[in-house]
Structure formats: structure tokens, C-alpha cells
Amino acid sequence: MFPDGLTNVRNATHGFDLPTLLGHAGEAVAFVDSQWIVRYCNDVYLANAGKRADEVLEHTPFDYIPGFERSIFYETIEVCRRENKPMCRIGYSTALGRWLMVRVFPVDGGVLLLANDASQSVVDQYQLAQQALADPLTGLPNKLSLAQDLGSGHPATALAILGLARFDEITQRLGYAGSDKALMALGSRLQSASRDGERVYKLPGHEFAVLLSHEQPQLLPRLQALLGALRGPWPLGGQSIVIEPRIGCLPLAPGENDVESGLRRAALALRRAHAQPDNDIVFYEPQLELALLRRQRLESELRAALAADQLTLYLQPKVAVAEGTLAGAEALIRWPHAEGMIPPGDFLSLAQDSGLMPEIDAFVLRRTIRMLSELRSLGLEVPVSINLSVDALCDDRLESDIARLLAASGLPPRLLEIELPENALIRDVGTSMDVLARLNAMGVRLSVDDFGTGYSSFSYLARFPVHALKIDRSFITGLVTSPTHQKIVKGIIRVAHSLQLSVVAEGAETAEELQALRRLHCDTVQGYAYARPMPMPEFVAFAQRQQAVPRMRATSI
């Protein structure tokens, strides 16, 4: 008597003896009900199992197959029951010592299982297909496998992308082989830290993806636990490496299976996590996509603005503290836009990411030389400082470009000053010293910008041919109320003067801060307490009111 679940199959034979038909099928056949109890099997199934009918029927495979929960049969039946659709798997049976192709079909009350030997050609094709679904370095499922899992209805509630901050530093320290080992170790740790219902994937580059099946309230604690399991330092290659993981997470709606859209949105959240060091887990919000669209539009418009020479420079005066006279100015880039004046903080990072910084640097240098020429034609020999990107300062063509522009304008090199970010000096000390030495020999003035925020020291400054230090505004803010700030600024000024360096205080905004800087013998101040950045015509009027001197004093910049 067949179980009720096979009634339709029996009727479809139109009176033929179904056991005889299935017995001659040449492959193992069994019906397993929803409680895992075997209600029917043919002789081939019994022969393969090495059991009698009474040892199999009305029993579960867990009773007569050792390690059944780790077998290809269990995996295929479980997926078929969970997803309620036919499943096919190819795997090696250690019990039988051969490769099998297992097919499972959902029927009323359970599943119908069929299994037969897999030919070598089928096994080879299956193994090639499996390789296409796996990352060759870590052995983890890859992006294609992720797409298949989402497309086949994986019960995921969230897709998370895990990325590594400062991974390039690991490559620089350990080489490519070492960074590959780091990724292998990371993948192994991430897989070990995963739980039931989670699956880890390796994405291109140094990113991983995780499908999670947790409800919304448990998502954040679970992601925090994953990060905690990954943070270093780790011993690797005889060194201790620090891993700084970040996560961008996209909660998934039921039935959401568009892997490309999901990865793009989770990647947007990861990008925000990289941009916010104090927030290493970011969940996707629609505003992130809107910000990306705006960023893409701004990039296109920035390219057009550069091509049309629509950017401009504002000048912010620098005033000698003791005399209260104009000592120079800093050229600050601005972008006049239909939305209003766009500040540099909103588009310089965009220019850096999109490869536009060389054009920005060239514009700043070219426009500053033109402004210096205009000022000089008005009888105002006012030195102007500029900021260039770190890459420009390492470019061998910088010296020749500056020399060519100065020669064409007839300007004395001392009217041009280049402000160097503190960290740029120590990124490559040898290159920095060589570039600065050539610029100094040319007569161009050099200063260190944002001093106090990086990792350089006065011992480095003694080796570099710089003329001035600009104290970062973070130390000037609160100078009147913070004894610690007062001690820092006082110490910087004293040591700088001992090295024959002038000192510029950036960001002075109140009369009290000016008085404090005067008492500390600061040479020059730049800030709203004297003047805001202004377009060229306003600066000319300001300079004429201040009775700018035609020659530079030794302590001015």
C-alpha cells in the first residue's frame, strides 16, 4: 500500500504495478514524509543502504544512516522542504564510496527522493560549476553564489558588506602575498564567527558580504559581535597587524532578491562608514542614494566648470600682529554655482576621488600667479600662499611649472608661498626634502600648514627648508579659556622662533584671542577677527586701506 502522498503518482500509472516500475528504474527511490519517516523505498535504495525493508520503512534515515545530518541526502531534502521546489545536488557519499546525483521533489505530505551514480563527466561539470561559485583565494562563496542564493529565496533579512580601512598599509608592510594571507585569515575568522542562518561571501577586492536572518532589533548587536570577532591586532608573517573593519548594512524586504541593487546600496552605507571613523556600522538610508546622485551630478558639473574656467580664488588677509599691517594673504578656492557658492570642503574630496586634483592644482597655481601680477601692477607687493594637493607636491614637474609661470609673469619668487600639509612632509621624507630644497633654491617661500595635528616633530622641521609654521585653528579656538591650548601655542611659538621660523595663527576670531597671540609674540594672524576671505576687488580695497607695504619684512610671510 502506497502512502497517501504518492496517490497521484500511483493513479498516473493507469493500473501498472508501481513497485515493479520503480524497482526497474535503476536508481534508488524513497518517499520521506514531513516527519522524516520513510514510508516507501525500492530495492535499489535498500541495496545501497545495506538494510532490510523492516530496518528502513517506518524509520527515519537518522536511525539507520550514521551521520545522516552531514550527508548530501539531508542537505538536499532540507532545502527542498524549506523552499518547496525541486532540488538537485551532486556529492560524494563516503558511506557508498562514490559520487551520487540526488534529486528531491516536493509532494503531498513529504518529498520523493531519487538517487543514482553520477558519471565522471557530470561530476567534472559539477566541479567546474562549483569553482565558478567560489573565491579561489579564500574558498568562500563568491558574488555569483550570493546572487544565486538571493534569487533562490534565501530567508535573509539583511545584506551586510564588510570592508577594511587602511588595507593598503597591510599590503605595503607585508606585500601582496602577505595581504592575501590576511584576507584568508579574515575570511576564516568571519566564517567561524557566523551562526546558523548566516552565510559569508568573498567579494572582489578586500570586501566580504554576509547574509543574515536576524530580526531588526537583533541586527545591530549581531553586526557589532562580528566586528568584535575580527578586530586585531593579529599575528601574521612575524608581525602584528591591525584590522579596522567597517560594515555597511542593507535591511532586506521580504522577497528582495536583486543582488546588484542590494550590493550597491550596502556599499553606499559602507562608504559612509569609511568616511565616519567614529561610526563603524552604517545602515542604508535613501538619503545615501540621493547624496550619491548629487555627487555624480556635481562631478559632471565640476568637470564642466574646470573646462570653462569658472572656478575662482578668494583671498584672506594675513596681518602682522605687532604692527597691525597687511603681511600677506592666502588664496582659497571657491566654486560659484547655481545653488550658491560651494565651499572647498564639498568638492575637493570629490575632485580627489574623480582624478580632477591635477587640474585643480594647475588652476590654483595659474590663477594665483595672475592675481599676484595684478596686485603688483597696483603697487601692492603682497605675498600670497596657496595649498596644493599632496600628489602635486610629489610631482617632478612642479618645480618646472612654477619656474615657467613666474618667468612669464616677471614676478619675484618670494611673492609666492606654498603651504604644505604637515602629514605630507613625512609621508616620504626623502622626496619631500628634495622637492622643498629645489623650491627653496628658486626663492619660493614654504610653510607648514595645520601644524600640531599630525605626527611630525621639530626634529623634522630642522631638516626641511621651510620658512614658517601655521598653527592649526583647533589650538587657537579656546586659547583664552584653555590653559592647555595656551601652553601648546606658547611652546610652538618659542621653538619655531628658535629655528628662525615665523609663526602664523590660523582661525583667530575674537579680540581676546588677538591679544593673547600678541602676548605670546605670534608673528602673523589669519582669521575672521581681521577679515574673511574675499574676492579680488574687495581684497585690493582692503589692502589699500591697510596701507600695505611694498616690501616684505623679515618676519612676515
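Look a little higher up for the structure.
Residues numbered from 1 in each chain as written. Predicted model: local features only at pLDDT ≥ 70, side-chain atom pairs only at ≥ 80, totals over all residues. Heavy atoms only, no water.

Undergrad: Can you break down the overall build of the protein chain residue by residue, with the values?
TA: Secondary structure summary: the protein chain contains 23 helices and 20 strands in total. Out of the 557 residues in the protein chain, the part that is buried amounts to 45%. For the protein chain, restricting intrachain contacts to residue pairs at least 6 apart in sequence, the fraction spanning at least 24 positions comes to 62%. Within the structure as shown, the protein chain displays about 27,300 Å² of accessible surface, and the carbon and sulfur contribution to it stands at 52%. (Helix = DSSP H or I, 4+ residues; strand = E, 2+ residues; numbered from the N terminus. Buried < 20%, exposed > 50% of the residue type's maximum accessible area, 1.4 Å probe, protein only. Contact = heavy atoms within 4.5 Å. Areas by Shrake-Rupley, 256 points an atom, 1.4 Å probe, with all protein chains shown as cover.)

Undergrad: Summarise the sheet that holds strand 1 (residues 28-33); cite the residues concerned and give the values.
TA: With antiparallel pairing, the five strands of this open sheet are ordered in space as 2-1-5-4-3. Single-partner strands in this sheet number two, and they are strand 2 (38-41) and strand 3 (87-93). Neighbour-to-neighbour, the strand axes of this sheet turn through a mean angle of 25 degrees, independent of strand direction. Across six bridges, the pairing between strand 1 and strand 5 (residues 110-117) is antiparallel. Following the sheet pairing, Phe31 is matched in strand 5 by Leu112. (Pairing = 2+ DSSP bridges. Axes fitted to C-alpha atoms, helices over the stretch in contact; angles between N-to-C directions.)

Undergrad: Run through the packing of helix 12 (residues 286-307) against helix 13 (residues 344-353), naming residues and quoting values.
TA: Following both chains from N to C, one finds helix 12 and helix 13 inclined at 80 degrees, their axes separated by 10 Å at the closest point. As far as their axial angle goes, helix 13 and helix 12 are roughly perpendicular. On the side of helix 12, the interface is formed by Arg295, Leu298, Glu299 and Leu302, while helix 13 contributes Phe347, Ser349, Leu350, Ala351 and Asp353. (Parallel < 35°, antiparallel > 145°, perpendicular 65-115°, else oblique.)

Undergrad: Which residues make up the nonpolar core, and what values go with them?
TA: In terms of nonpolar packing, the biggest core is built from 79 residues, with Leu311, Ile402, Ile418, Val466, Val489, Leu517 and Phe539 touching the most fellow members. Top contributing element to this core by residue count: helix 14 (residues 357-377), with nine residues. When near neighbours in sequence (up to four residues on either side) are disregarded, Val466 contacts Leu420, Leu436, Leu446, Val448, Leu461 and Leu501. (Core = buried A, V, L, I, M, F, W, Y, C linked by side-chain atoms within 4.5 Å.)

Undergrad: If you had to explain the layout of surface pockets to someone new, which residues and values would you point to?
TA: Put simply, the largest pocket is a space of about 1,000 Å³. Forming the boundary of the largest pocket are 31 residues, of which Glu75, Val79, Arg89, Asp149 and Arg199 lie nearest the centre. Per-element accounting of the lining of the largest pocket gives the leading share, seven residues, to helix 6 (residues 72-83). Looking at side-chain class alone, the lining of the largest pocket contains 13 nonpolar, nine polar and nine charged residues. There is about 640 Å³ of room inside the second largest pocket. What lines the second largest pocket is a set of 23 residues, among which Pro344, Leu348, Asn387, Leu388 and Asp449 lie closest to the centre. Of all the secondary-structure elements, those providing two or more residues to the lining of the second largest pocket are strand 14 (326-334), helix 13, helix 14, helix 15 (390-393), strand 16 (416-421) and strand 17 (445-451). The leading source of residues in the lining of the second largest pocket is strand 14, at five residues. Of the residues contributing to the lining of the second largest pocket, the split by class is eleven nonpolar, four polar and eight charged. (1 Å grid on protein atoms, 1.4 Å probe; cavity = no way out; pocket = protein on both sides within 12 Å on 5 of 7 lines; lining within 4 Å. Points joined across faces, edges and corners; volume = space filled by probe spheres on them. Nonpolar A, V, L, I, M, F, W, Y, C, P; charged D, E, K, R; others polar.)

Undergrad: Give me the environment of Cys394: which residues, what numbers.
TA: Among the secondary structure elements, Cys394 is positioned in the loop between helix 15 and helix 16 (397-409). Each C-alpha atom, one on Cys394 and one on Leu436, is 9.9 Å from the other, the two residues being 42 residues apart in sequence.

Undergrad: An account of the pairing of strand 11 (residues 244-251) is needed here, citing residue identities and associated values.
TA: Burial analysis of strand 11 places six of its eight residues in the buried class, the great majority of the element. As judged from the eight bridges shared by strand 6 (residues 158-165) and strand 11, these two strands associate in the antiparallel manner. Residue pairing in the sheet places Ala165 in a bridge with Glu244 of strand 11. Bridge count for strand 11 against strand 12 (residues 281-283) is three bridges, and the pairing is parallel. Considered in strand 12, the bridge of Cys249 is made with Phe283. One crossover worth recording links strand 11 to the parallel strand 12 by way of helix 11 (residues 259-275), and it is left-handed. (Right-handed = clockwise from strand over helix to strand, strands pointing away.)

Undergrad: Quick rundown of the sheet that holds strand 19 (residues 502-506)? Include the residues and the values.
TA: The mixed closed barrel is built from eight strands, whose spatial order is 13-14-15-16-17-18-19-20. In this sheet, adjacent strand axes meet at a mean angle of 30 degrees when their direction is disregarded. Across four bridges, strand 18 (residues 468-471) lies against strand 19 in parallel orientation. Bridge pairing links Ala468 to Ser502 in strand 19. Across the sheet, helix 14 touches strand 13 (312-320), strand 14, strand 15 (384-387) and strand 16, and the angle it forms with strand 13 is around 60 degrees.

Undergrad: Just give me the short version of the pattern of salt bridges, but keep the residues and values in it.
TA: Per the counting criterion, the structure on display carries 31 salt bridges. Residues Arg294 and Glu339 are paired through a salt bridge, measuring 3.1 Å at the closest nitrogen-oxygen approach. Of the two residues, Arg294 sits in helix 12 while Glu339 sits in the loop between strand 14 and helix 13, which places them 45 residues apart along the sequence. Classification of Arg294 as partly exposed rests on a relative accessible area of 34%. Overall, Glu339 belongs to the partly exposed group, its relative accessible area being 46%. Residues Lys470 and Glu419 are paired through a salt bridge, measuring 2.8 Å at the closest nitrogen-oxygen approach. One end of the pair, Lys470, is in strand 18; the other, Glu419, is in strand 16, and 51 residues separate them in sequence. The two residues Lys470 and Glu419 agree in class, both being buried. Taken together, the salt bridges that share partners define one network made up of Arg294, Arg297, Glu301 and Glu339. (Salt bridge = Lys/Arg side-chain N within 4 Å of Asp/Glu carboxyl O.)

Undergrad: Which residues make up unusual backbone geometry, and what values do they have?
TA: The phi dihedral of Asn84 falls on the positive side, at around 55 degrees, and the residue is not glycine. Note on placement: Asn84 falls in the loop between helix 6 and strand 3. Under the relative-accessibility criterion, Asn84 is labelled exposed at 58%. In the Ramachandran plot, Asp309 falls in the positive-phi region, its phi being about 60 degrees despite a non-glycine side chain. Its location among the elements puts Asp309 in the loop between helix 12 and strand 13.

Undergrad: Tell me about the packing of helix 14 against helix 16, residues and numbers included.
TA: Two elements in contact, helix 14 and helix 16, have axes separated by 10 Å at closest approach and are oriented at 25 degrees. Accordingly, the angle class assigned to the pair helix 14 and helix 16 is roughly parallel. As helix 14 packs across helix 16, the resulting crossing turns out to be right-handed. Residues Leu365, Arg366, Ile369 and Ser373 of helix 14 form the contact with helix 16, whose participating residues are Asp401, Ile402, Leu405, Leu406 and Ser409. The residue inventory of the contact of helix 14 with helix 16, partitioned by class, reads five nonpolar, two polar and two charged. (Left-handed = near helix turned anticlockwise from the far one by under 90°.)

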